[in-house]
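Chain and residue survey
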Amino acid sequence: MTAEEEANAAEQARVDEAVEKAKFAIRVRGLKNSFGKQVVHENLDLDVRKGEILGVVGGSGTGKSVLMRSIIGLQVPDEGTVEVFGESMVDRNEAEAVAIRKRWGVLFQGGALFSTLTVAENVEVPLREYYPNIGSQLRDEIAAYKIHMTGLPAEAGPKYPSELSGGMRKRAGLARALAIDPDLLFLDEPTAGLDPIGAAAFDEQTRKLQKVLGLTVFLITHDLDTLYSICDRVAVLADKQVIAVGTIDELLATDHPWIQEYFNGPRGRAATEAQQRAKAKGNATVSGKRKLDGDAPGRQ
Ligand SMILES: Nc1ncnc2c1ncn2[C@@H]1O[C@H](COP(=O)(O)OP(=O)(O)OP(=O)(O)O)[C@@H](O)[C@H]1O
């Protein structure tokens, strides 16, 4: 190969790498996290594609939340690399870190709303933090718009979290996560504690917003209906790693005992059947939560 051909090949390889990188919102390589002697992750790899809803499942304590915290910089890993939109999350100065943080919104487990602030004031927190020069009128208008986007009535804005139902609190948390128009949304067990109808409505709202806003969603859940109804792919955490990632059909084709038990156990089968019934009726997002949980619908 001539020197010119070698240079061209090297340039092509760089272009291919850049094109490949551009397909992913998140790339995790060789991640290790431990607390004292407890190793939670070891040599963990994960790719999240741009524009997908990736469900993250795994038994309790397998490290789903720690993985999310590592990606958003709240947990410094012992080893490994994390890239978000092609930018490494380590060794960033504050200005660079802020520029990356502005691209995501997070709904933590339980909503994590400030109890002494109203819903609107909660939604305004990231706006004040990242865009301190926005005037109060525009800030109020943005908050009202985000509240509306998540399906909450305008009257929810001046209420305190304690005055809302569980489902409304989740939506308020979602409105706050969307406050600064993120490209990437992290949802940690968003439907936990919701009644089946409220959970299905929340799923539907998530899917709608993801499509309309072109979001990438990293969604930790134990909710089989959520996996079936809105996730494009599912990543399974076990044995300190992501042991498989793919569509549910692809996961079912693997023979890992935990995956088989999870998706082929009684709840998994009920979720599959409910999804098939919903698809047959032409409504893929209506799920069989009520049947699964044997629960009466509560308030939303
Ligand atoms: N700050 C911490 N200090 C010590 N141990 C921690 C800390 N955070 C998490 N852990 C431990 O790491 C492990 C993984 O926790 P994590 O919350 O990520 O699990 P999870 O998969 O999200 O579980 P669940 O489904 O029950 O929410 C657990 O054993 C937990 O006790």
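Residues numbered from 1 in each chain as written. Predicted model: local features only at pLDDT ≥ 70, side-chain atom pairs only at ≥ 80, totals over all residues.

**As for the packing of helix H4 (residues 119-130) against helix H5 (residues 136-149)**
- Running from amino to carboxyl end, H4 crosses H5 at an angle of 115°, the nearest separation of the two axes being 9 Å. By the angle between their directions, the pair H4 and H5 is classed as roughly perpendicular. Handedness of the crossing formed by H4 with H5: right-handed. Packed against H4, whose contacting residues are Val119, Ala120, Val123, Glu124 and Leu127, the element H5 presents Arg139, Asp140, Ile142, Ala143, Ala144, Lys146 and Ile147 at the interface.
- By residue class, the composition of the contact of H4 with H5 is eight nonpolar, no polar and four charged. (Axes fitted to C-alpha atoms, helices over the stretch in contact; angles between N-to-C directions. Helix = DSSP H or I, 4+ residues; strand = E, 2+ residues; numbered from the N terminus. Parallel < 35°, antiparallel > 145°, perpendicular 65-115°, else oblique. Left-handed = near helix turned anticlockwise from the far one by under 90°. Contact = placed C-beta atoms within 7 Å. Nonpolar A, V, L, I, M, F, W, Y, C, P; charged D, E, K, R; others polar.)

**Regarding helix H2 (residues 64-71)**
- In terms of residue burial, H2 counts as a mostly covered element, since six of its eight residues are buried.
- Listing the buried residues of H2 in full gives Lys64, Val66, Leu67, Met68, Ser70 and Ile71. (Buried ≥ 20, exposed ≤ 12 C-beta atoms within 10 Å, placed from the backbone.)

**Some words on the site of the ligand**
- Surveying the vicinity of the ligand reveals the residues Phe35, Val40, Gly58, Ser60, Gly61, Thr62, Gly63, Lys64, Ser65 and Val66.
- When residues of the shell around the ligand are assigned to their parent elements, the largest contribution, three residues, is made by H2.
- Looking at side-chain class alone, the shell around the ligand contains three nonpolar, six polar and one charged residues. (Near = placed C-beta within 6 Å.)

**A closer look at the sheet that holds strand S8 (residues 216-220)**
- The six strands lie next to each other as S6-S7-S8-S3-S9-S10, forming an open sheet whose pairing is mixed. Single-partner strands in this sheet number two, and they are strand S6 (104-107) and strand S10 (241-246). Direction aside, neighbouring strands of the sheet carry axes that sit 15° apart on average. (Pairing = 2+ DSSP bridges.)

**Remarks on the sheet that holds strand S2 (residues 38-49)**
- Pairing is antiparallel in the open sheet, where four strands are placed in the order S2-S1-S4-S5. Each of the sheet's edge strands pairs with one partner strand only, and the pair in question is S2 and strand S5 (87-88).
- Two elements, strand S1 (residues 24-35) and S2, share eight bridges in a ladder whose sense is antiparallel. Following the sheet pairing, Val28 is matched in S2 by Leu46.

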